[in-house]
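Here's the letter readout for the chains.
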Amino acid sequence: MEVTDKVKSQYHGNSIHKNLLIEIPELEMTVSNNQICCESMKLRESILEVDNIEFVGCIASVFQIQLENLLDNVKGKQIRVSISTEDTQDEPVTLFNGIIDSVIMQGNKQIKEIVAYDQLYDKGKTEVSTWYKSLTFPVTLKDLRDSLFNYIGIIQVETQLPNDGVEIKKEYNPNSLRALSVIKAICQINGVFGIINRQGKFEYRILGGIEEDGCPYPSEVLFPGADVFPAGPGAFPQTGSRAGTEATGFAFYRSVSYEEFKVKPVDRLTIRQSEEDGGVSCGTGTNNYIIQGNMFTYGLAEDALAAIAENIYPNVQGFAYHPFTAENNGLPFLECGLDAVSYMMVDWENSSGGDIVYEEKSFYILNRELQGIQGLKDSYSARGEEYQTEFITDLQTQIDILKKNGGPSQNVQTQIEDYTYSKDEIDRMVSGSGAANIVSVSVMPADPDFNTLYLIQGEVVVE
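Source: prediction; values computed, not measured. (Residues numbered from 1 in each chain as written. Predicted model: local features only at pLDDT ≥ 70, side-chain atom pairs only at ≥ 80, totals over all residues. Heavy atoms only, no water.)

### Topic: the overall build of the protein
As a reminder of what qualifies: Helix and strand labels come from DSSP, where a helix needs a run of H or I of at least four residues and a strand needs a run of E of at least two; each type is numbered from the N terminus. Contact definition: two residues touch when any of their heavy atoms are within 4.5 Å. Note on areas: these come from Shrake-Rupley sampling with a 1.4 Å probe, and a residue is covered only by the protein chains present in the view.
A tally of regular secondary structure across the protein gives eight helices and 26 strands. Partitioning the contacts of the protein with sequence separation of at least 6, the portion at a separation of at least 24 is 68%. Carbon together with sulfur atoms contributes 47% to the accessible area of the protein, which is approximately 21,200 Å² in total.

Next up, the structure:
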């Protein structure tokens, strides 16, 4: 987030008084400081919550606060939140822009706990099968995504994505289709992380690599660097985020822990429809990022898929990082997928006797939780496995493909990790001509029926 050095300096410690501004525009309401319960604010943001790299994102941000004497009904209303200090009231830092999802009374007290999510949480659930069927095909991916976001009422940050020019043909006739499934497919086919930014707009974020000196970019100046924390007692020298940039490190933080390994960068990209499909690949390495079952790659010719893969590859290759967790003073202007953090830590391997050697460790912020108001605290983290592993995308897309083919294919097994559907929901998804029967069993029968879809302990097996 672009803020002035003056603003950054206000959050060095907890001695400067901070003002949290909460606005509910539809009610023309501004919540005053004396209504906010002490230190009750929490803000969670994320672009990657799993161990395996998925260039998708689309994780709703969550804002929580406790308020006293709030008599109005605010559930379902827009909420805007910003923070400032006495000396920077004309330069507030925007924290959140979303919709209030729940309002919970706290016992017999006049206190309400408000939980709000950004627009993706609610509007991502929008049923868009009617919208999809109304499109005039073929349609470019750019026109399709513009039409989708206009349909669900979310503004996009204007940008050009690598595969915007790809022409999409009509391959589905869905009875059910959620907006979030389509948005995730758009992000995945472009190798970007989708997120609702703090202005309430949908933004596509691309994470750069880490240079040989261990300093991440695109951030011009790392936190903590000379332009964020001025030199002071206990600070140690370090290099900046770009070659030749001088900066002063900040040695004070609550805690940092990290994996010794670095998540290996993707050096091969494969697009395929199923595990039985060889697909097309870009890159010659062994750490393979697999896009499987994307709704926009179905039915495309091999040369078209190869062109798509080549367009995505620059966005996913070279992204390497240390999984880590850290606790710090709160810096509200840092954002997931846009900023990195750097710490001076003891290099025990090269330290001996009384001679302590320090080394710089740099990390990407993929998840963050900001808590408190006067005593702002930040928790940063990035999860990851050393090597990329395969994963299967949305169950909805997989079943849509089965429906497109007129019925269930042979010997397809799909692991389900992040999606849970009831029997009735799955039954609706596969209803129609040539649909499979749904049977829940503890083990596979010895003589399975080829027209039956068996549900076994979190796995969907189509025989």
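### Considering the packing of aromatic side chains
Here is the rule: A pair of aromatic rings is counted whenever rings of Phe, Tyr or Trp (Trp by its six-membered ring) have centres within 6.5 Å, and the orientation is called stacked for planes under 30 degrees apart, edge-to-face for over 60 and tilted otherwise. Three exposure classes are used, based on accessible area relative to the maximum for each residue type with a 1.4 Å probe and protein chains only: buried under 20%, partly exposed in between, and exposed over 50%.
For the structure shown, the criterion picks out 17 aromatic pairs. Here F55 and F193 contribute two aromatic rings whose centre-to-centre distance is 5.3 Å and whose plane-to-plane angle is 45°, an arrangement assigned as tilted. Placement of the pair is F55 in the loop between strand 3 (42-46) and strand 4 (62-68) and F193 in strand 10 (residues 193-196), with a sequence separation of 138 residues. Ring geometry for F324 against F363: centres 4.6 Å apart, planes inclined by 15°, an arrangement best described as stacked. Taken together, the residues F324 in strand 18 (residues 324-329) and F363 in strand 20 (residues 358-364) connect sequence positions 39 residues apart. Of the residues examined, F324 reaches a relative accessible area of 3% and is grouped as buried.

### A few points about the sheet that holds strand 15 (residues 268-272)
The condition is simple: At least two bridges found by DSSP between two strands are what make those strands a pair. Orientation is described by axes fitted as lines to C-alpha atoms, over the contacting stretch for helices, and by angles from 0 to 180 degrees between their N-to-C directions.
Pairing is mixed in the open sheet, where three strands are placed in the order 16-15-17. One side of each edge strand has no neighbouring strand; the edge strands of this open sheet are strand 16 (280-282) and strand 17 (288-292). Sheet twist, expressed as the mean angle between neighbouring strand axes with direction ignored, is 20°. Where strand 15 and strand 16 come together, three bridges link them in antiparallel fashion. Directly across from I271, in strand 16, lies its bridge partner V280.

### Some thoughts on the side chain of T88
Worth spelling out the cut-off: Between N or O atoms, a polar contact is any pair within 3.5 Å; within protein, one atom must be a potential hydrogen donor and the other a potential acceptor, and residues adjacent in sequence are included only when both atoms are from side chains.
Inspection of the secondary structure puts T88 in the loop between strand 5 (78-85) and strand 6 (93-105). The exposure class assigned to T88 is buried, which follows from its relative accessible area of 0%. Of the polar contacts made by the side chain of T88, one reaches the side chain of T85; its length is 2.7 Å.

### A look at the environment of I196
Looking at the secondary structure, you find I196 in strand 10. For the pair I196 and I154, spaced 42 residues apart in sequence, the C-alpha to C-alpha distance is 9.1 Å.

### Looking at the confidence of the model for the protein
For clarity, the cut-off: A residue's pLDDT is the confidence the predictor assigns to it, expressed on a 0 to 100 scale.
On average, residues of the protein score 80 in pLDDT, and 75% of them reach the 70 mark or higher. Every residue in residues 405-421 scores below 50 in pLDDT, and together they form 43 contacts with partners more than four places removed in sequence or on other chains.

### Here's the deal with the pattern of salt bridges
Put simply, the rule reads: Salt bridges, as used here, are contacts in which a Lys or Arg side-chain nitrogen is within 4 Å of a carboxyl oxygen on Asp or Glu.
Evaluation of the coordinates by the stated rule reveals 13 salt bridges. In this structure, E23 engages R80 in a salt bridge whose closest nitrogen and oxygen atoms are separated by 3.9 Å. Of this pair, E23 sits in strand 1 (residues 18-24) while R80 sits in strand 5; the two residues are 57 residues apart in sequence, bridging distant segments of the chain. Residue E23 is classed as partly exposed on the basis of its relative accessible area, which comes to 25%. Taking relative accessible area as the criterion, R80 reaches 32% and is therefore assigned partly exposed. Taking the shortest distance from any N to any O, the salt bridge between E158 and K142 comes out at 3.8 Å. Remark: K142 occurs in helix 4 (residues 141-152) and E158 occurs in the loop between helix 4 and strand 9 (167-168); sequence separation between them is 16 residues. Its relative accessible area of 64% is what places E158 among the exposed residues.

### Description of helix 6 (residues 302-316)
As a reminder of what qualifies: In a helix, the anticipated span is given by 1.5 Å times the number of residues less one.
Taking 1.5 Å of rise per residue, 15 residues should cover 21 Å, and helix 6 covers 21 Å from first to last C-alpha, within 8% of that figure. For helix 6, the complete set of buried residues consists of L305, I308, A309, I312, Y313, N315 and V316. On its buried face, helix 6 sits against helix 5 (179-188), strand 15, strand 16 and strand 17. Backbone geometry just downstream of helix 6 places G318 in the positive-phi region, at approximately 80°.

### What about the state of the cysteines?
Just so we agree on the cut-off: Two cysteine sulfur atoms make up a disulfide if the distance between them is within 2.5 Å.
Under the counting rule described, the total for this entry stands at zero disulfides. Left unpaired, C187 is separated from the closest cysteine sulfur, that of C58, by 3.8 Å.

### What to know about the sheet that holds strand 21 (residues 367-371)
Adjacent strands of a sheet pair through backbone hydrogen bonds, lying either parallel or antiparallel. A sheet is described by the order of its strands in space; here eleven strands give the open sequence 2-1-5-6-7-4-3-21-22-18-14, paired in antiparallel fashion. Across the chains shown, the open sheet's two edge strands, defined by having one partner strand only, are strand 2 (29-31) and strand 14 (255-258). Strand-to-strand twist of the sheet, defined as the mean angle between neighbouring strand axes without regard to direction, takes the value 25°. As judged from the six bridges shared by strand 5 and strand 6, these two strands associate in the antiparallel manner. Residue pairing in the sheet places V81 in a bridge with F96 of strand 6.

### Considerations on a nonpolar patch on the surface
Inclusion rule: Patch definition: residues with relative accessible area over 30% and no salt bridge; like charges joined within 9 Å; nonpolar side chains (Val, Leu, Ile, Met, Phe, Trp, Tyr) joined within 5 Å.
A surface patch of nonpolar side chains, about 360 Å² in accessible area, is lined by W348, I356 and Y358. Here W348 is to be found in the loop between strand 19 (340-346) and strand 20. Residue class for W348 comes out exposed when judged on its relative accessible area of 65%.

### Let's talk about the packing of helix 4 against helix 5
Put simply, the rule is: The cut-offs work like this: below 35 degrees is roughly parallel, past 145 is roughly antiparallel, 65 to 115 is roughly perpendicular, and the gaps in between are oblique. Working rule for handedness: look at the near helix, and if it is turned counterclockwise from the far one by less than a right angle, call the crossing left-handed; if clockwise, right-handed.
Axis separation between helix 4 and helix 5 bottoms out at 11 Å; the angle between their running directions is 150°. Between helix 4 and helix 5, the angle falls in the class roughly antiparallel. In the crossing of helix 4 with helix 5, the sense of the turn from one axis to the other is left-handed. Residues L141, L144, R145, L148, F149 and I152 of helix 4 touch helix 5, and the partners they reach there are A179, V182, I183 and I186.

### Digging into the nonpolar core
The tendency in soluble globular proteins is for nonpolar side chains to be buried side by side. Operational definition: Note on terminology: a nonpolar core comprises buried Ala, Val, Leu, Ile, Met, Phe, Trp, Tyr and Cys residues joined through side-chain atoms within 4.5 Å.
Within the largest apolar cluster, 100 residues are counted, with the highest numbers of intra-cluster contacts made by L20, V182, F202 and F296. In contact with V182, other than residues within four places in its own chain, are V128, W131, L144, L148, L177, M295 and F296.

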